[in-house]
Amino acid sequence: MGRKSSSGGLVYSTDGGRHCPGCRRPQADCVCRDAARAARAGDGFVRLRRQTRGRKGAGVTLVEGLPLAEPELLRLAQQLKARCGVGGTVAAGTVELQGDQRERLRPLLEALGYRVKIAGG
């Protein structure tokens, strides 16, 4: 008999399909996503921050603290980019938009029901 790997486990089963490597449950019953969403929820405020670090002086607006899963976050980022007329991306649970868009984003996010704070200088 072979040795059982401590990090390995069941990856696919004809009984339940694909399994999550984190919680080892079928992907439909995965609890890892819910735990990640709860950890991202934070204090209930969405923070709008302007940052130029590592971008050769070009500023971006960071939207942090959105309590959304990845698919919903991508849809919201599309809406925000379209409303501001700029490009952007989603990275590590944070929406990045080109330029200083804090004053445009505040009423948009408040209309969606989020409590918004403008952070930084």
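Scroll up to find the structure this text is about.
Overview of the structure. Model, not experiment: these values are computed from the prediction. (Residues numbered from 1 in each chain as written. Predicted model: local features only at pLDDT ≥ 70, side-chain atom pairs only at ≥ 80, totals over all residues. Heavy atoms only, no water.)

### Side note on the pairing of strand β6 (residues 94-98)
For clarity, the threshold we go by: Two strands qualify as a pair provided that DSSP identifies no fewer than 2 bridges between them. Helix and strand labels come from DSSP, where a helix needs a run of H or I of at least four residues and a strand needs a run of E of at least two; each type is numbered from the N terminus.
Inspection of the sheet shows strand β4 (residues 60-64) paired to β6 by four bridges, in the antiparallel sense. From the neighbouring strand, Val-60 faces β6, where its bridge partner is Gln-98. As defined by bridge partners, strand β5 (residues 88-91) adjoins β6 across four bridges and the pair is classed as antiparallel. Counterpart to Gly-88 in the pairing with β6 is Leu-97.

### Comments concerning the packing of helix α2 (residues 70-84) against helix α3 (residues 102-111)
Filter applied, for reference: Fitted lines through C-alpha atoms serve as axes, helices being fitted only where they are in contact, and the angles separating the N-to-C directions of these axes extend from 0 to 180 degrees. Throughout this description, any angle smaller than 35 degrees is read as roughly parallel, any larger than 145 degrees as roughly antiparallel, any in the 65 to 115 degree range as roughly perpendicular, and the remainder as oblique. We call a crossing left-handed when the near helix sits turned anticlockwise from the far one by less than a right angle, and right-handed when that turn is clockwise. Any two residues whose heavy atoms approach within 4.5 Å are treated as being in contact. Each residue receives one of three labels: charged for Asp, Glu, Lys and Arg, nonpolar for Ala, Val, Leu, Ile, Met, Phe, Trp, Tyr, Cys and Pro, and polar for the others, Gly being one of them.
Contact geometry for α2 and α3: axes closest at 11 Å, N-to-C directions at 130°. Classified by the interaxial angle, the pair formed by α2 and α3 is oblique. Considering how the two elements wind past one another, α2 and α3 form a crossing that is right-handed. For the pair formed by α2 and α3, the contact residues are Leu-76, Leu-80, Arg-83 and Cys-84 on the first element and Arg-104, Leu-105, Leu-108 and Leu-109 on the second. Looking at the contact of α2 with α3 residue by residue, the classes come out as six nonpolar, no polar and two charged.

### A few points about the environment of Gly-93
Selection criterion: Each residue gets one of three labels from its accessible area relative to the maximum for its type: buried under 20%, exposed over 50%, partly exposed in between, using a 1.4 Å probe on protein chains only.
With respect to the secondary-structure elements, Gly-93 resides in the loop between β5 and β6. On the basis of relative accessibility, which here comes to 12%, the residue Gly-93 falls in the buried class. In this structure, the C-alpha to C-alpha distance between Gly-93 and Pro-67, residues 26 residues apart in sequence, is 8.9 Å.

### Some words on the sheet that holds β4
Pairing is mixed across the open sheet formed by five strands, whose spatial order is β5-β6-β4-β3-β7. In this open sheet, the two edge strands, each paired with only one partner strand, are β5 and β7 (115-119). With strand direction ignored, the average angle separating the axes of adjacent strands in the sheet is 20°.

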